[in-house]
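Structural characterization, general
Residues per chain are reported as follows:
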Amino acid sequence: MFLAPMLIVLGAVALFPLGQTIWFGFTDASLNNIDAARFVGLRNYIEWLDYGNGQGEWLGLLADDRWWRAVRNTVWFAVVSVSFETLFGLIIALVLNAKFPGRAVVRTLVLVPWAIPTVVSAKMWGWMLHDQFGIINDMLIKLGLIATPIAWTASADTAMAAVMMVDIWKTTPFMALLILAGLQMIPDDIYEAARLDGINPVRVFRKVTLPLVMPALLVGVVFRGLDALRVFDIVYVLTPNTDATRTMSVYARENLFDYDKFAYGSAASTLLFLIVALITIGFIYLTRMDLEGKETD
Amino acid sequence: MRIAKIAGFYALVAIILAQALFPFYYAVLTSLESGQAIFDVNYLPKVIDLSNYRAAFEDGVFGRQILNSVFVSTVVVIVSLGFAVTASYALARVPFLGRGKILLLILSVSMFPQIAVLSGLFALIRAMGLFNSLWSLVFSYMIFTLPFTVWVLTTFMRKLPKEIEEAAIMDGAAPLTIIRRVFLPLLWPALVTTGLLAFIHAWNEFLFALTFMSTDTQRTVPVAIALISGASEFEIPWGSIMAASVIVTLPLIALVLVFQRKIISGLTAGAVKG
């Protein structure tokens, strides 16, 4: 009785549209004619187009190089960004876990990038990375690291790096806080004992801190990983219309609303969903998360 | 050796602070420059020129867009907390078959890539006649605020001692009365936390807001900022973009600074426990 309203809303806003998306992927729906969609089987995914002279070619999502490029871009983005976020997050968490004057202030200020809307972050960095007037090129030139300005967001070689930079900057605070929460659950006596035994700090970190903080760290990696696999805002705002950075979400939305290939875009959304769902199920299975609340009841 | 170590540590702290704060500082700096001054790279403020801010509000559209964002985010918070309080009471306190499955379902919805529901939602919103209406955003934002609020509130309620409500049940109080009289007062801290996070999330949302709104006066601020453009690629009004960015970000930074403890506990509550 208490659950019903919430479940109905979730059904209406999540499960029903998801089912619709999957269905549209098997139809010929177009943006202005959604209701008249007819079932066309797997044509959006894969279709053999026969030229009638014994030759032909494969069409459809699974044969689309641009789609596979987007898949590679997304996975590459997720792997690199989340790795750096974890590394930087761990460093920041270790610093914040040490006791020093002003720690509370630093901990608060570190959160600032997280609070800034993604679109705003992308714009801010877009300006800082501007090829002619950007402060980053100015800094690098003054430091003598580069001789001529780099067109960060416009050049195909650096566009992905620029997107990753913004994402890493913005979400490292989240990672740092999760890891910090994990660090703070480690009792002080362990460190005290290690110190009395005269064990080298690096060894303590590897043998004590890292294993104990691993659960919190893994949760962070999965949360961020799933987030990174659906990345849209940063790419759309910072590097629009570039093959070098087009991700699965950007590809799907382009087809849905810009190219008037509503059914095809729905098929891409469905595939993206499948990929993310498999990863999520794998994670829940691997960690055997306590969903029933048995331990607390 | 010891001094070098301490100096190294504080250098690290300084680097962490600098990278966290510099981009926003630079946005503020840029927003205070206009005309040709923008194109000289400055590290410290030279002039304070508010014309970008005045220009932002001149035609009234940006003000309207801010109100849109405030409206959508506030309504989303109120509605999702309303649904979540009763639902999480049931999930945390009433033992029933399939409870774990429902929690699993809620968790998996929170992992949904927004793009996976986009075309279905688009069709639904158009069918309901909500296209280009702010209510379409209130409705669609439930997909991420609801799982999150239910999840965190359930975790929080489980930690409350059972004796509290047992006394109320003995006195013959109905479940709704228990929620209102017993749980709500205790839940305040968790409600503030989840409400804040839901607000920030709704305020920042981009994909749905970009897709479901078609006219300038209906847009929310992230979309408005993303769509600011000049006459050509070479005339992007960076000063106005930065001024608008600073305006929509300042309230969030203020919230974070004031409520940082609550926000940190909310961010880590659902995660660390799992």
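Chain B has the name Trehalose/maltose transport system permease protein in an unreviewed UniProt entry, where Marinovum algicola is given as its organism. Note on chain B: under the UniProt heading Sequence similarities (unreviewed entry), the record states "Belongs to the binding-protein-dependent transport system permease family."

An unreviewed UniProt entry lists chain A under the name Trehalose/maltose transport system permease protein, with Marinovum algicola given as the organism. UniProt annotates chain A under Subcellular location (unreviewed entry) with the comment "Cell membrane". Check the Sequence similarities (unreviewed entry) section of the UniProt entry for chain A; it says "Belongs to the binding-protein-dependent transport system permease family."

**Brief notes about the packing of helix 2 (residues 65–97) of chain A against helix 9 (residues 201–229) of chain A**
Residues and elements named next belong to chain A. Running from amino to carboxyl end, helix 2 crosses helix 9 at an angle of 140 degrees, the nearest separation of the two axes being 10 Å. One element, helix 2, and the other, helix 9, form an angle in the oblique class. For the pair helix 2 and helix 9, the crossing hand works out as right-handed. From helix 2, Thr74, Phe77, Ala78, Val82, Glu85, Thr86, Leu90 and Leu94 reach across to helix 9, where they touch Phe205, Thr209, Leu210, Leu217, Val221, Arg224, Gly225, Ala228 and Leu229. For the contact of helix 2 with helix 9, a count of residues per class yields 11 nonpolar, 4 polar and 2 charged.

**So, the domain arrangement of chain B**
Domains assigned within chain B are domain 1 (1–49) and domain 2 (60–238 + 247–273). For domain 1 of chain B versus domain 2 of chain B, the separation of C-alpha centres amounts to 33 Å.

**A closer look at the interface of chain A and chain B**
Facing the 88 residues of chain A at the interface are 96 residues of chain B. Here chain A and chain B share an interface that buries about 8300 Å² over both sides, 80% of which is from carbon and sulfur atoms. If you look at where chain A meets chain B, you find 0 salt bridges. Between the two partners, chain A and chain B, sit 11 residue pairs in polar contact (both at pLDDT 80 or more). The greatest single-element share of the side of chain A that touches chain B, amounting to 15 residues, is contributed by helix 1 (residues 4–24) of chain A.

**Some words on the domain arrangement of chain A**
Residues and elements named next belong to chain A. Assigned domains of chain A: these are domain 1 (4–62) and domain 2 (66–287). The centre of domain 1, based on its C-alpha atoms, is set 32 Å off from the matching centre of domain 2. Counting residues at the interface gives 16 residues for domain 1 and 16 residues for domain 2. Interface area, domain 1 with domain 2, both sides summed: about 1400 Å², of which 74% is carbon and sulfur. By the criterion of area lost to domain 2, the three top residues of domain 1 are Leu31, Leu61 and Leu62, representing 42% of everything that side buries. For the pair domain 1 and domain 2, the number of links is 0 salt bridges. Remark: the boundary between domain 1 and domain 2 carries 3 residue pairs in polar contact (both at pLDDT 80 or more).

**So, the packing of aromatic side chains**
Enumeration according to the criterion identifies 28 aromatic pairs over all chains in this entry. When the ring centre of Tyr264 of chain A is taken as reference, the NZ or CZ atom of Lys261 of chain A above it lies at 4.7 Å.

Scoring rules and cut-offs
Residues numbered from 1 in each chain as written. Chains lettered and ligands numbered in written order. Predicted model: local features only at pLDDT ≥ 70, side-chain atom pairs only at ≥ 80, totals over all residues. Heavy atoms only, no water. UniProt positions renumbered as here; feature names shortened; annotations may be inferred. Axes fitted to C-alpha atoms, helices over the stretch in contact; angles between N-to-C directions. Helix = DSSP H or I, 4+ residues; strand = E, 2+ residues; numbered from the N terminus. Parallel < 35°, antiparallel > 145°, perpendicular 65-115°, else oblique. Left-handed = near helix turned anticlockwise from the far one by under 90°. Contact = heavy atoms within 4.5 Å. Nonpolar A, V, L, I, M, F, W, Y, C, P; charged D, E, K, R; others polar. Domains from an automatic or database assignment. Buried area = accessible area lost by both parts, 1.4 Å probe. Salt bridge = Lys/Arg side-chain N within 4 Å of Asp/Glu carboxyl O. Polar contact = N/O pair within 3.5 Å; in protein donor to acceptor, adjacent residues only side chain to side chain. Phe/Tyr/Trp six-rings, centres within 6.5 Å; stacked < 30°, edge-to-face > 60°. Lys NZ or Arg CZ within 6 Å of the ring centre and 35° of its normal.

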